[in-house]
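# An overview of the molecular structure
Chain by chain, the residues:
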Amino acid sequence: MLVRTAAVCVCCALPLVPLAPAQQPPKREHFANAEVLYDWASNSRGDKLRTFVTRPKNTTGKVPVIFFVGWLSCDSVEYAAGETDGFGALMRRLIDLSGYATVRMDKPGVGESQGTPCNQADYQGELEGYRAAFDSISKYDFIDTQRIIVVGLSNGGGVGPRVWRERRVAGVVGASSWGRTRY
């Protein structure tokens, strides 16, 4: 009789042990007029950087592209929760309403990007990451590489003009940005 009681106590105790939380897939962005392709780029330091490429729905042929260069902070350029600030509103509306493809990249250590922790990143490493993401544009057959517009947001407005190197771009926009250093 004592053996049965012990077995019942063990069985009753099992459900009280908390289970490890299941790995939840990340919440993703959704747009009425664009699909999001999740991809990767890598810089020379081995950082694996999450890219977000949007393609307008219901289009044929090649479309122009907006390449976004993000800000100084360690916040993601993915807005899965919708418009939470002015830059999110700008990006999300351009993605959904412009008919352009877009390319964005989370810096090292941000979101799903791997490698150097964001708070330890330096200018050169971030620039290399943006250059790798910019170079990846050519692998998408729906993007017209002759019609690239670079949009730098905040700190990205100062970094953006260095991203494309010797290539030609159709335009550059700096939003809430700087043009030269204090030095």
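Conventions used here
- Residues numbered from 1 in each chain as written.
- Predicted model: local features only at pLDDT ≥ 70, side-chain atom pairs only at ≥ 80, totals over all residues.
- Heavy atoms only, no water.
- 1 Å grid on protein atoms, 1.4 Å probe; cavity = no way out; pocket = protein on both sides within 12 Å on 5 of 7 lines; lining within 4 Å.
- Points joined across faces, edges and corners; volume = space filled by probe spheres on them.
- Helix = DSSP H or I, 4+ residues; strand = E, 2+ residues; numbered from the N terminus.
- Buried < 20%, exposed > 50% of the residue type's maximum accessible area, 1.4 Å probe, protein only.
- Polar contact = N/O pair within 3.5 Å; in protein donor to acceptor, adjacent residues only side chain to side chain.
- Contact = heavy atoms within 4.5 Å.
- Nonpolar A, V, L, I, M, F, W, Y, C, P; charged D, E, K, R; others polar.
- Pairing = 2+ DSSP bridges.
- Axes fitted to C-alpha atoms, helices over the stretch in contact; angles between N-to-C directions.

Applying the stated rule across the entire model yields 2 cavities of 30 Å³ or more. Estimated volume of the largest cavity: approximately 40 Å³. Surrounding the largest cavity, V69, G70, W71, Y123, E126, L127, Y130, N155, G156 and V159 form its lining. Of all the secondary structure elements, the ones that give two or more residues to the lining of the largest cavity are α3 (123-135) and α4 (156-159).

With that settled, the discussion passes to unusual backbone geometry. The phi dihedral of N58 falls on the positive side, at around 60°, and the residue is not glycine. Mapping N58 onto the fold places it in the loop between β2 (48-56) and β3 (63-69). Judged by its relative accessible area of 83%, N58 is exposed. For S154, which is not glycine, the phi torsion reads 60° and is therefore positive.

Turning next to the side chain of D39. Along the polypeptide, D39 turns up in strand β1 (residues 34-42). Residue classification places D39 among the buried residues on the basis of a relative accessible area of 19%. Of note is the side chain of D39, whose polar atom sits 2.8 Å from the side chain of K139. There is a polar contact of 2.5 Å between the side chain of D39 and the side chain of Y140. Ignoring any residue separated from it by four or fewer positions in sequence, one finds D39 in contact with L49, R50, T51, K139 and Y140.

In this section: the layout of surface pockets. By volume, the largest pocket amounts to about 160 Å³. What lines the largest pocket is simply F134, I137, S138, T145, Q146, I148, R167, R168, V169 and A170. Sort the elements by how many residues they give to the lining of the largest pocket and strand β5 (residues 143-153) lands first, with 3 residues. Across the lining of the largest pocket, the residue classes break down as 5 nonpolar, 3 polar and 2 charged.

The subject of this paragraph is the sheet that holds strand β6 (residues 171-175). Across the sheet, which stays open at both edges, the 6 strands sit in the order β1-β2-β4-β3-β5-β6 with mixed pairing between neighbours. In the strand order of this sheet, the two ends are held by β1 and β6, each with one partner. Averaged over all adjacent pairs, the angle separating strand axes in this sheet is 20°, with direction ignored. In this structure, β5 lies alongside β6, joined through 5 bridges in parallel fashion. Bridging across to β6, V150 finds its partner in V172. Sheet strands in contact with α3 are β1, β2, β3, β4 (101-105) and β5, and its direction is about 170° off that of β3.

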